[in-house]
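The primary structure of each chain is shown beneath.
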Amino acid sequence: MRLILLGAPGSGKGTQAQKIQENFNLVHISTGEIIRENLKNKTQTGLLAESIINKGDLLPDELVVEMVKDILSKQEVKDNFVLDGFPRTIKQAEALDKITQIDKVIFIDVNFDYTKDRILKRRTCPLCKKTYSDTLVCPNCNVTLIMRSDDNEETINSRFKVYEEQTKPLVNYYKQKNLLYKVDGSKTIEQVYKQIEFILNEGKV
Ligand code: AP5
Ligand code: MG
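Predicted model only: the values in this text are computed from it and were never measured.

Engineer: Explain the site of ligand 1 to me, please; I cannot follow it from the model alone.
Structural biologist: By nearness alone, 33 residues border ligand 1, and T15, D57, R88, R122 and R159 come closest of all. Within the backbone of S11, one N or O atom sits 3.3 Å away from an oxygen atom of ligand 1. At a separation of 3.5 Å, a nitrogen atom of ligand 1 approaches a polar backbone atom of I189. Within the complex, the protein chains bury 93% of what would otherwise be the 1,000 Å² of accessible surface of ligand 1. Secondary structure elements with two or more residues in the shell around ligand 1: α1 (13–24), α2 (31–40), β6 (131–132) and α9 (189–201). It is α2 that provides the largest number of residues to the shell around ligand 1, a total of four residues.

Structure, rendered in structure tokens:
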């Protein structure tokens, strides 16, 4: 299965992608996570990304497309993946169309009031990368959870604006291709996952 998870910052893309990865055996590809790893390792991409991420802007399309193209070229990934945070612009979607054929696009629809609050409460485990909102220590790895540098009020507002202007048009882009499935992202994590599971099992005996 070749999937895309589409949604605003904090809509639950990462959370749901992790569950899909575990239950459907797909490779979870998060461009945000890859960029943050580059940042941590101070690679060339990381050095370029730092100020862009902290402003809430997007990295250049060409750079991110190359990153994803590279990963999708791997035999074990090419027909079994869930993309989280990519594509994010029409240009990226058009480039992706040239690389592979997508089966389904899940749009997690949720209001900004919910997502802003979620993002401000989010803490991530530096080791297993799981996110939490109700604890300061990872229950699996027993290390202190960290906050993302772009999870502050000013950057969040700018990320929302960028989403509205550059990413939201993808909803129509994929609707026109008959690939779009919308889920209600305001429900609990489990309830959102149930909606996704239903869509992914559709057509299966
Ligand atoms: P990225 O890392 O993709 O961030 P984002 O799109 O802003 O989304 P988030 O990761 O903040 O939210 P999410 O939807 O994953 O929510 P989560 O599951 O964590 O991108 C970061 C930056 O990298 C970009 O700004 C850009 O600069 C750059 N970048 C990345 N991709 C790029 C691209 N393609 N092109 C160019 N630049 C790119 O959930 C949030 C919190 O809520 C968690 O604590 C979670 O536990 C909780 N939660 C989730 N669902 C629920 C629920 N249903 N109920 C209650 N709580 C919930
Ligand atoms: Mg995420």
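Following the structure, the description resumes.
Engineer: I keep staring at the pattern of salt bridges and nothing clicks. Help me out?
Structural biologist: Two side chains with opposite charge may pair up if their charged atoms get near one another. Evaluation of the coordinates by the stated rule reveals 19 salt bridges. With its nearest N and O atoms 3.2 Å apart, the salt bridge here joins R36 to E33. You can see R36 and its partner E33 sitting in helix α2, three residues apart, about one turn around the helix. Among the ionic pairs, R122 bridges to D151, the shortest N-O distance being 3.0 Å. Pair noted here: R122 is in the loop between α6 (112–121) and β5 (123–124) and D151 is in the loop between β6 and α7 (153–167), with a separation of 29 residues, a long-range link. Each member of the pair, R122 together with D151, is buried. Taken together, the shared-partner salt bridges in this structure form one network comprising R122, R148, D150, D151 and R159.

Rules used in this analysis
Residues numbered from 1 in each chain as written. Chains lettered and ligands numbered in written order. Predicted model: local features only at pLDDT ≥ 70, side-chain atom pairs only at ≥ 80, totals over all residues. Heavy atoms only, no water. Near = heavy atom within 4 Å. Polar contact = N/O pair within 3.5 Å; in protein donor to acceptor, adjacent residues only side chain to side chain. Areas by Shrake-Rupley, 256 points an atom, 1.4 Å probe, with all protein chains shown as cover. Helix = DSSP H or I, 4+ residues; strand = E, 2+ residues; numbered from the N terminus. Salt bridge = Lys/Arg side-chain N within 4 Å of Asp/Glu carboxyl O. Buried < 20%, exposed > 50% of the residue type's maximum accessible area, 1.4 Å probe, protein only.

Taken by themselves, the reported measurements are silent on function.
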